[in-house]
Amino acid sequence: MVFKMISCIRNVLLCIVSLNVFCIFLYSLYTVYHQRVIREKFSDWKAVMCDDPKKNITSSGMQLKSSRKKYELSQFIQQQSKLKHAVQPGGKWSPSGCVARQRVAIIIPFRGRQQHLTLLLNDLIPLLKNQQLGFQIFVVEQFGSAVFNKGRLMNAGFFEAFGRSLFDCYIFHDVDLVPETDMSVYTCEEWPKHISVAVDTFNYRLPYPNLVGGVLAFRPEHFVSVNGYSNEYWGWGGEDDDMAARMIQMKLGVCRQSAESSRYRMIPHDPSEMPFPALRYILLGNAERRMFNDGLCNLVYKLTSESRQPLYTHIVVDIGSEPLTLTQQ
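Computed from a prediction, not measured in an experiment: that's the story for all the values here.

Asks: Can you lay out the nonpolar core for me, pointing to particular residues and giving the numbers?
Replies: Counting residues in each nonpolar core, the largest one holds 33 residues, and the members touching the most others are Ile106, Ile137, Ile171 and Tyr186. Elements with a minimum of two residues in this core: strand S3 (103-110), helix H4 (114-130), strand S4 (134-142), strand S5 (169-173), strand S6 (177-179) and strand S9 (215-218). At eight residues, the largest contribution of residues to this core is made by H4. Not counting residues within four places of it along the chain, the set of residues in contact with isoleucine 106 comprises Leu124, Leu128, Gln136, Ile137, Phe138, Ile171, His173 and Tyr186. The next biggest cluster of nonpolar side chains, apart from the first, holds 32 residues, and it includes Trp191, Tyr229, Cys255 and Val317.

And the structure:
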């Protein structure tokens with residue numbers, strides 16, 4: 001009797017192991033199929049070369065300071081405050097004596113990288129001024145210690161900026177990407193505009209055609225049409241490729257400048273957390289089906305605090321935490 005029970009238990013365990021192996025095999029096939037589908041989708045994606053920035057702005061030839069390792073924010077604030085036409089508290093500025101080329105909201109998702117923010121603002125603010133833009137900088141910080149969710153922060157940043165002023169263009173900007181030249185034009189075009197085309201960590205080349213991460217500019221009507229970013233990507237990676245799929249679904253092309261005029265340096269940092277890697281393939285596989293139910297339309301967040309800093313508007317939002325089903329994986 002005992003031997004029969006042991007044999008039965010062994011057979012059950014073998015069935016469970018076989019089922020797991022079969023599931024892994026199916027998932028592998030799905031992953032290969034999904035990657036092939038993604039390549040086919042993006043092979044005909046309309047990519048438009050933006051106008052040469054030299055025709056639109058006058059380069060100051062300024063040497064950006066992104067190579068320096070340390071820079072005190074207080075020192076930069078002092079320098080800015082001494083200027084005749086300084087940035088207003090909350091990070092607002094517009095040219096005097098002329099109409100701004102565009103009114104731009106810079107939205108920076110943020111948590112715990114103050115030194116990166118300092119380096120970015122040190123180079124970004126002079127660049128925006130040189131391009132005669134009316135702008136306001138929003139730093140959107142995630143409240144609490146839950147896994148980082150960049151998509152939710154950028155959606156919340158869009159709502160907060162949209163409710164405060166009228167902007168022609170919304171630019172979503174990673175805090176660790178610093179422009180190396182002042183020829184990266186921070187304006188919106190006919191299509192959504194991928195600004196950070198050439199990044200040093202990718203040898204100043206676009207690694208794949210559907211890359212729209214880093215620095216991405218949207219007209220408000222385009223951002224609303226794609227329902228913003230997905231809210232489902234917890235941890236690093238995925239939300240930008242999901243956005244590319246949304247743009248394709250809505251038949252939006254992407255505008256890019258030349259690599260020469262869109263060079264960026266990525267500030268070195270510790271690897272970001274990526275707690276649910278397998279889930280990203282599943283989410284990307286059904287990005288088009290989810291897009292109308294996942295994004296601006298179902299975002300839930302709470303404004304925890306707001307303050308007008310000398311160079312930016314600091315917004316802290318509670319976007320919740322990853323679902324319990326994910327933490328149990």
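So that's the structure; there's more coming.
Asks: Which residues make up helix H5 (residues 150-162), and what values do they have?
Replies: An ideal rise of 1.5 Å per residue puts 18 Å on 13 residues; H5 measures up with 18 Å between its terminal C-alpha atoms. H5 sits mainly inside the fold: eleven of its 13 residues count as buried. When H5 is considered as a whole, its buried residues turn out to be Lys150, Gly151, Arg152, Leu153, Met154, Asn155, Ala156, Gly157, Phe158, Glu160 and Ala161. N-capping of H5 is provided by asparagine 149, with a side-chain oxygen placed 3.3 Å from the backbone N of glycine 151.

Asks: Can you break down unusual backbone geometry residue by residue, with the values?
Replies: Leaving glycine out, the prevailing phi sign among residues is negative, and the prevailing peptide bond configuration is trans. Phi is positive for glutamine 132, close to 55 degrees, though the residue is something other than glycine. Phi is positive for lysine 251, which is not a glycine, with a value near 60 degrees. Within the secondary structure layout, lysine 251 lies in the loop between helix H7 (239-249) and strand S10 (254-256). Its relative accessible area of 70% is what places lysine 251 among the exposed residues.

Asks: Outline the pairing of S4, supporting the account with residue identities and numerical values.
Replies: Buried residues dominate S4, accounting for nine of its nine residues. On S4, burial covers both faces: Gly134, Gln136, Phe138, Val140 and Gln142 on one face and Phe135, Ile137, Val139 and Glu141 on the other are all buried. Both strand S2 (residues 92-93) and S4 contribute to a ladder of two bridges, which runs antiparallel. Residue lysine 92 lies in a different strand from S4, and its bridge partner there is glutamine 136. Bridge count between S3 and S4: eight bridges; the pairing is parallel. Among the inter-strand pairings, arginine 103 is bridged to a residue of S4, identified as glycine 134. As for the winding sense of the linkage, the β-α-β connection from S3 through H4 to S4 is right-handed.

What counts, and where the lines are drawn
Residues numbered from 1 in each chain as written. Predicted model: local features only at pLDDT ≥ 70, side-chain atom pairs only at ≥ 80, totals over all residues. Heavy atoms only, no water. Core = buried A, V, L, I, M, F, W, Y, C linked by side-chain atoms within 4.5 Å. Buried < 20%, exposed > 50% of the residue type's maximum accessible area, 1.4 Å probe, protein only. Helix = DSSP H or I, 4+ residues; strand = E, 2+ residues; numbered from the N terminus. Contact = heavy atoms within 4.5 Å. Expected span 1.5 Å × (residues − 1). Polar contact = N/O pair within 3.5 Å; in protein donor to acceptor, adjacent residues only side chain to side chain. Pairing = 2+ DSSP bridges. Right-handed = clockwise from strand over helix to strand, strands pointing away.

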